[in-house]
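If you want the building blocks of each chain, they are given just below.
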Amino acid sequence: IVAFGAAQYETSLQYFGNACGLSPGEADFHSNMGMAQQALGRYESALPCYRQSLQVNPASVVANYNLGNCLHELKLHAEAAASYLRALALDPNLVAAHNNLGNSYLAQGRIAEATAAFRRALELSPGGTVRTLLESPDGLIRDPVVHFDGGRVLFSMRRNIDCPFYTSDPATDP
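Numbering of residues begins from 1 in every chain and follows the order in which that chain's sequence is written. Only residues with pLDDT of at least 70 are given local features in this predicted model, and only at 80 or more are side-chain atom pairs given and counted; all residues enter the totals for whole chains, interfaces and linings. Computation of side-chain values: all heavy atoms of the structure, hydrogens and water removed.

## Observations concerning the nonpolar core
- By nonpolar core we mean a set of buried residues, namely Ala, Val, Leu, Ile, Met, Phe, Trp, Tyr and Cys, connected to one another through side-chain atoms within 4.5 Å. Type-normalised accessible area, obtained with a 1.4 Å probe on protein chains alone, sets the label of each residue: buried when under 20%, exposed when over 50%, and partly exposed for intermediate values. Judged by nonpolar contacts, the single largest core of 21 residues is most densely connected at Leu67 and Leu101.
- The contact partners of Leu101, leaving out residues within four places of it in the chain, are Ala81, Tyr84, Leu85, Leu88 and Ala117.
- Counting five residues, the second largest nonpolar core, distinct from the first, contains Leu13, Met33, Ala36 and Cys49. Any two residues whose heavy atoms approach within 4.5 Å at even a single point are treated as in contact.

This is how it looks when you write it as structure tokens:
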């Protein structure tokens, strides 16, 4: 854990691997191994770690949530959404899981469900509010991506039907 906390992920993989070998029935060891793999950007290698952790302890909020994050990074959005839903069944107030569930729904084109998930994340956040960032009655807005912290939205838009699409960030673009 100390090596992981110091961002020494390769070293932490060795320690977590040893721990898993000594205590294969300890769910947290497998989950920690997955977190180290994920921190190194090795999402496919992290998947079996989280799945093993959940096989031992299906009630792990952390393993379900982190599995969802890996699946989302691998663009397996339906599976990611299912994993976030399992995490939320265990902890319905986990703001990040509601937000990431919204991102997974959004990636699947499930706009109404994404909106509901984002609204719930905002309701649970201290001072959370819903506001309209942009209205474009003559244009088109598509492909919104909400940053995992919920504080930033990127999207593609056209000001009107004759203009090309461009990427916009309401925080920096007029």
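So, next bit.
## Some words on the packing of aromatic side chains
- Side-chain rings of Phe, Tyr and Trp (the six-membered ring for Trp) are treated as a pair once their centres are within 6.5 Å; stacked means planes under 30 degrees apart, edge-to-face means over 60, and tilted covers the remaining angles. Within this structure, the stated rule accounts for one aromatic pair.
- Ring plane angle 50 degrees and centroid distance 5.9 Å describe the contact between Tyr65 and Tyr84, whose orientation is recorded as tilted. Of the two residues, Tyr65 is situated in helix H5 (residues 61-73) and Tyr84 in helix H6 (residues 77-90); the sequence distance between them amounts to 19 residues. Each member of the pair, Tyr65 as well as Tyr84, is classed as buried. The way it works is that DSSP assigns letters per residue, a run of H or I at least four long becomes a helix, a run of E at least two long becomes a strand, and they are numbered from the N terminus.

## Some words on the state of the cysteines
- Whenever a pair of cysteine sulfur atoms sits within 2.5 Å, that pair is classed as a disulfide. Applying the stated criterion across every chain, the model contains zero disulfides.
- Cys70 forms no disulfide, and the closest cysteine sulfur to it belongs to Cys49, at a distance of 8.8 Å.

## Details of the packing of helix H3 (residues 27-39) against helix H4 (residues 43-56)
- Lines are fitted to the C-alpha atoms to define the axes, a helix being fitted only along its stretch in contact, and any angle between axes, read from their N-to-C directions, falls within 0 to 180 degrees. Relative to each other, H3 and H4 sit at 165 degrees, their axes nearing to 8 Å. Relative to H4, the element H3 lies roughly antiparallel. For the pair H3 and H4, the crossing hand works out as left-handed. Residue-level inspection shows Ala27, His30, Ser31, Met33, Gly34, Met35, Gln37 and Gln38 of H3 in contact with H4, the latter providing Tyr43, Ser45, Ala46, Cys49, Tyr50, Gln52, Ser53 and Val56.
- Each residue gets one of three labels, nonpolar for Ala, Val, Leu, Ile, Met, Phe, Trp, Tyr, Cys and Pro, charged for Asp, Glu, Lys and Arg, and polar for the others, Gly among them. Looking at the contact of H3 with H4 residue by residue, the class counts come to eight nonpolar, eight polar and no charged. Oblique is the label for any angle not under 35 degrees, not over 145, and not in the 65 to 115 range, which are roughly parallel, roughly antiparallel and roughly perpendicular in turn. When the near helix sits turned anticlockwise from the far one by under a right angle, the crossing is termed left-handed; a clockwise turn instead gives a right-handed crossing.

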